[in-house]
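# Structural overview for review
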Amino acid sequence: MDHVARIQAEWRAERPDLDTAPQGVIGRLHRIANQLTAELTLLYAQFGLTEGEFDVLAALRRAGAPYERAPGEIALHTMVTTGAVTKRVDRLETAGLVRRRRSDADGRGRVVRLTPAGRRLIDKAFTAHMANEQRLLGSLGPAERAQLEALLTTWLGHLEPPG
């Protein structure tokens, strides 16, 4: 019996009038998410990065050459506020991994660009990240992974607005 099953059993004893079945899914997803976050952030730290810094570098790398985006775009691609992006970019700029410059399209705006050192770092970190995710999914077979991905995609589509 896992942790969530024990909690459900206690609630069934105390509140037999309530259906605790949803807790079986939500509770386990929550515990899995916490475990995954711990495993992922441990890997990012090996590259001297926080989770947020990894996200910013990854968003810039995914943009393709010249590996730059406006801060607002970075916020959209990392699901954080522009204020949080600014703090992350400040730390990355101090480390020499990104640099800011004025936008060619709008002289008032700024863009953030990966430096060569930033690109090398995110390429190494992302390669290790994918190996880590493979390891974390290792106990599931290909069919189970595909089934889980399909279920989560459907569910997320109902919870998250499109786009």
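Residues numbered from 1 in each chain as written. Predicted model: local features only at pLDDT ≥ 70, side-chain atom pairs only at ≥ 80, totals over all residues. Heavy atoms only, no water.

Looking at an unreviewed UniProt entry, the chain carries the name DNA-binding MarR family transcriptional regulator, with the source organism given as Kribbella aluminosa.

Now for the overall build of the chain. A count of helical and extended segments in the chain gives 7 helices and 3 strands. Along the chain direction, N to C, the helices and strands of the chain fall in the order α-α-α-β-α-α-β-β-α-α. Its C-alpha atoms put the chain at 65 × 30 × 30 Å along the principal axes. When each of the 163 residues of the chain is scored for burial, the buried share is 26%. Within the chain, counting contacts between residues at least 6 apart in sequence, those at least 24 apart form 46% of the total. Accessible area for the chain stands at about 10,900 Å²; split by element, carbon and sulfur atoms hold 59% of it. Separation between the mean location of the 23 positive side-chain charges and that of the 20 negative ones in the chain comes to 8 Å. (Helix = DSSP H or I, 4+ residues; strand = E, 2+ residues; numbered from the N terminus. Buried < 20%, exposed > 50% of the residue type's maximum accessible area, 1.4 Å probe, protein only. Contact = heavy atoms within 4.5 Å. Areas by Shrake-Rupley, 256 points an atom, 1.4 Å probe, with all protein chains shown as cover. Lys, Arg positive; Asp, Glu negative; His and termini not counted. Charge placed at Lys NZ, Arg CZ, Asp CG, Glu CD.)

Moving on to the layout of surface pockets. Estimates place the volume of the largest pocket at around 1,200 Å³. Looking at the largest pocket, it is lined by 27 residues, and the ones nearest its centre are Leu29, Ile32, Ala33, Leu36 and Leu152. At the level of elements, helix H2 (21-46), helix H6 (116-136) and helix H7 (142-159) are the ones that each hand at least two residues to the lining of the largest pocket. Looking at the lining of the largest pocket, the element that brings in the most residues is H2, giving 11 residues. Looking at side-chain class alone, the lining of the largest pocket contains 15 nonpolar, 5 polar and 7 charged residues. Approximately 210 Å³ is the volume found for the second largest pocket. Along its surface, the second largest pocket is lined by Leu40, Tyr44, Glu51, Phe54, Asp55, Ala58, Arg62, His77, Thr78, Met79, Phe126 and His129. Among the secondary structure elements, those contributing two or more residues to the lining of the second largest pocket are H2, helix H3 (51-62), helix H4 (71-78) and H6. For the lining of the second largest pocket, the leading source of residues is H3, giving 5 residues. (1 Å grid on protein atoms, 1.4 Å probe; cavity = no way out; pocket = protein on both sides within 12 Å on 5 of 7 lines; lining within 4 Å. Points joined across faces, edges and corners; volume = space filled by probe spheres on them. Nonpolar A, V, L, I, M, F, W, Y, C, P; charged D, E, K, R; others polar.)

Our next topic: the packing of aromatic side chains. Inspection of the entire model under this criterion finds 1 aromatic pair. Note on Tyr44 and Phe54: the rings are 4.3 Å apart at their centroids and 20 degrees apart in plane angle, and the pair reads as stacked. Taken together, the residues Tyr44 in helix H2 and Phe54 in helix H3 connect sequence positions 10 residues apart. Assigned by exposure class, Tyr44 and Phe54 land together as buried. (Phe/Tyr/Trp six-rings, centres within 6.5 Å; stacked < 30°, edge-to-face > 60°.)

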